[in-house]
Amino acid sequence: MPRYRLTLEYDGSAYNGFQAQTDQPTVQGSVEAAITAFCGETVRLAAAGRTDTGVHATGQVISLDLEKAWPAQTVMNALNAHLVGEAIAVLDCEGVEDDWHARFSATGRRYLYRILNRPGPPALDAGRVWHMRKSMDADAMHAAAQALIGLHDFTTFRDVNCQSKSPEKTLDVASVRRVGEEVHLVFEARSFLHRQVRSMTGTLAEVGLGRWTIDDVAAALAARDRAACGPVAPSTGLYLTGVVY
C-alpha cells in the first residue's frame, strides 16, 4: 500500500486534542474524515506528536497508507478541499517508503511557547498566546532554563497521568528570548513527557516574574517530585513547530 507523509498546520482551539475520540472533535478525526471524503477509504493515521486540547501546530507530521497510489499533490489538494471550514491545513505531502513512520522514525521534536507580555490583552491572537501583564525578565528565564538541558529525571515536570515508561528524557535545547512584546520559549528533544513543555514553561515564568530564582528551578528538577513544579502554563501558547527525521 502506498504510504504518504504529510505536514499539518492547525489551530488547536476548537479541538479536543489531536488523538481521535468518538464523541469529541479532534484533529485526527477531522483529517481522517477528509481522507474518507476524498477517496472513500477508512484509514488510521499516525502522528509525530499527540498534542493536547488547545495546543497548536505549524509543523505536525503524519503518515498514512492508501490502497490506491495517488500523486502526492492530488492528496494534498484533495484533503485541503475537504478540510474547508476546519482550522487545519495540509502544507506538504510526499510519498515515503513502507517502513517510514511519522512517530517512530522521528529523532527530534521542537516546540515553541508564546507569552504575550504587555498590559493589554490579545485581540488578534486570543487563544494563541499566554497573556502576562507584569513585565517578565526573559534573560533570567533563559539562564534558569539551562539547568534543564541534558539527561535528567523529569518527574517534577511530568503530568501525573503520563504513560511514558520512564521519566528520564534528554532535553537538547531550552531557549528563552524576547521578541517585541512576546517572550518565546523553544524546547527541542527526541521526545517529551506528557505536559513537560507546559510544566517547564510555567516554572520558568515564575523566574521571569521574579518569584523564583535560578537555583529554585534547579532544586525543583532535582526534587523529582511533581509537587515541586511551578504552575503549569495553559495550552493556548504552545505550538509543535517541527519534527526531525
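Placed above this text is the structure.
Notes on the structure in this doc start here. Throughout this document, residue positions are counted from 1 along each chain, in the order its sequence is written. Totals for whole chains, interfaces and linings use all residues, but because this is a predicted model, local features are given only for residues with pLDDT of at least 70 and pairs of side-chain atoms are given and counted only at 80 or more. Just so you know, side-chain values use all the structure's heavy atoms and leave hydrogens and water out.

**Focus: the overall build of the chain**
Only DSSP runs of H or I with at least four residues qualify as helices, and only runs of E with at least two residues qualify as strands; both kinds are numbered from the N terminus onward. Along its length, the chain carries five helices and ten strands. All radius of gyration figures rest on C-alpha atoms, and the globule criterion is 2.2 Å times the number of residues raised to 0.38. Scaling as 2.2 N^0.38, a compact globule of 245 residues should have a C-alpha radius of gyration of about 18 Å, and the chain matches this with 19 Å. Expressed as lengths along the three principal axes of its C-alpha atoms, the size of the chain is roughly 60 × 40 × 30 Å. Remark: exposure states derive from per-residue accessible area (1.4 Å probe, protein chains only) relative to the maximum for the residue type, with buried under 20%, exposed over 50%, and partly exposed in between. Across the 245 residues in the chain, those meeting the buried criterion constitute 49%.

**Points about the packing of helix 1 (residues 27-39) against helix 2 (residues 72-82)**
Every axis corresponds to a line fitted to the C-alpha atoms, with the helix fit spanning only the stretch in contact, and the corresponding angles, defined between N-to-C directions, vary from 0 to 180 degrees. Running from N to C, helix 1 and helix 2 cross one another at 110°; their axes reach a closest spacing of 9 Å. When the axis of helix 1 is compared with that of helix 2, the two are roughly perpendicular. Pair helix 1 / helix 2 crosses with right-handed handedness. Between helix 1 and helix 2, the residues in contact are A34, I35, A37 and F38 and T74, V75, A78, L79 and H82, respectively. Class assignment for the residues of the contact of helix 1 with helix 2 results in seven nonpolar, two polar and no charged. Small angles under 35 degrees read as roughly parallel and large ones over 145 as roughly antiparallel, with 65 to 115 read as roughly perpendicular and the rest as oblique. Each crossing gets its hand from how the near helix is turned against the far one by less than a right angle, where anticlockwise is left-handed and clockwise is right-handed. In this analysis, two residues are considered to be in contact whenever any of their non-hydrogen atoms come within 4.5 Å of each other. Polarity classes work like this: nonpolar for Ala, Val, Leu, Ile, Met, Phe, Trp, Tyr, Cys and Pro, charged for Asp, Glu, Lys and Arg, and polar for all others, with Gly in that last group.

**Section: helix 2**
Among all positions in helix 2, only V75, M76, A78 and L79 are buried. Its buried side turned inward, helix 2 meets strand 1 (3-10), helix 1 and strand 4 (88-96).

**Focus on the pattern of salt bridges**
Note on definitions: salt bridges are taken to be side-chain nitrogens of Lys or Arg within 4 Å of carboxyl oxygens of Asp or Glu. Inspection of every chain in the model, using the stated rule, returns ten salt bridges. Put simply, D52 and R198 hold a salt bridge, and the shortest N to O gap is 3.8 Å. Here the residue D52 occupies a position in the loop between strand 2 (46-47) and strand 3 (56-65), and R198 occupies one in helix 4 (residues 196-208), the gap between them amounting to 146 residues. Taking relative accessible area as the criterion, R198 reaches 11% and is therefore assigned buried. The closest approach of N and O atoms between R118 and E181, which form a salt bridge, is 2.9 Å.

**Some remarks on the environment of V96**
Looking at the element boundaries, V96 is found in strand 4. Counting along the chain gives 25 residues from V96 to P71, while the straight-line C-alpha distance between them is 12 Å. With residues near it in sequence (within four places) discarded, V96 still touches R3, Y4 and R5.

**Section: the environment of T203**
Tracing the backbone shows T203 in helix 4. Given the relative accessible area of 1%, T203 is considered buried. Linking T203 and A144, residues 59 residues apart in sequence, is a C-alpha distance of 9.6 Å. With residues near it in sequence (within four places) discarded, T203 still touches F157, W212, V217, C229, G230 and P231.

**Let's talk about the packing of helix 3 (residues 138-145) against helix 4**
Axis angle and axis distance: for two packed helices, these are the angle between their axes and the distance between the axes, and together they describe the pair. Relative orientation of the contacting elements helix 3 and helix 4 amounts to 130°, with a least axis distance of 8 Å. By the angle class used here, helix 3 and helix 4 are oblique. For the pair helix 3 and helix 4, the sense of crossing is right-handed. Contacts between helix 3 and helix 4 involve A140, M141, A144 and A145 from the former and L204, A205, V207 and G208 from the latter. Within the contact of helix 3 with helix 4, the residues separate by chemical class into seven nonpolar, one polar and no charged.

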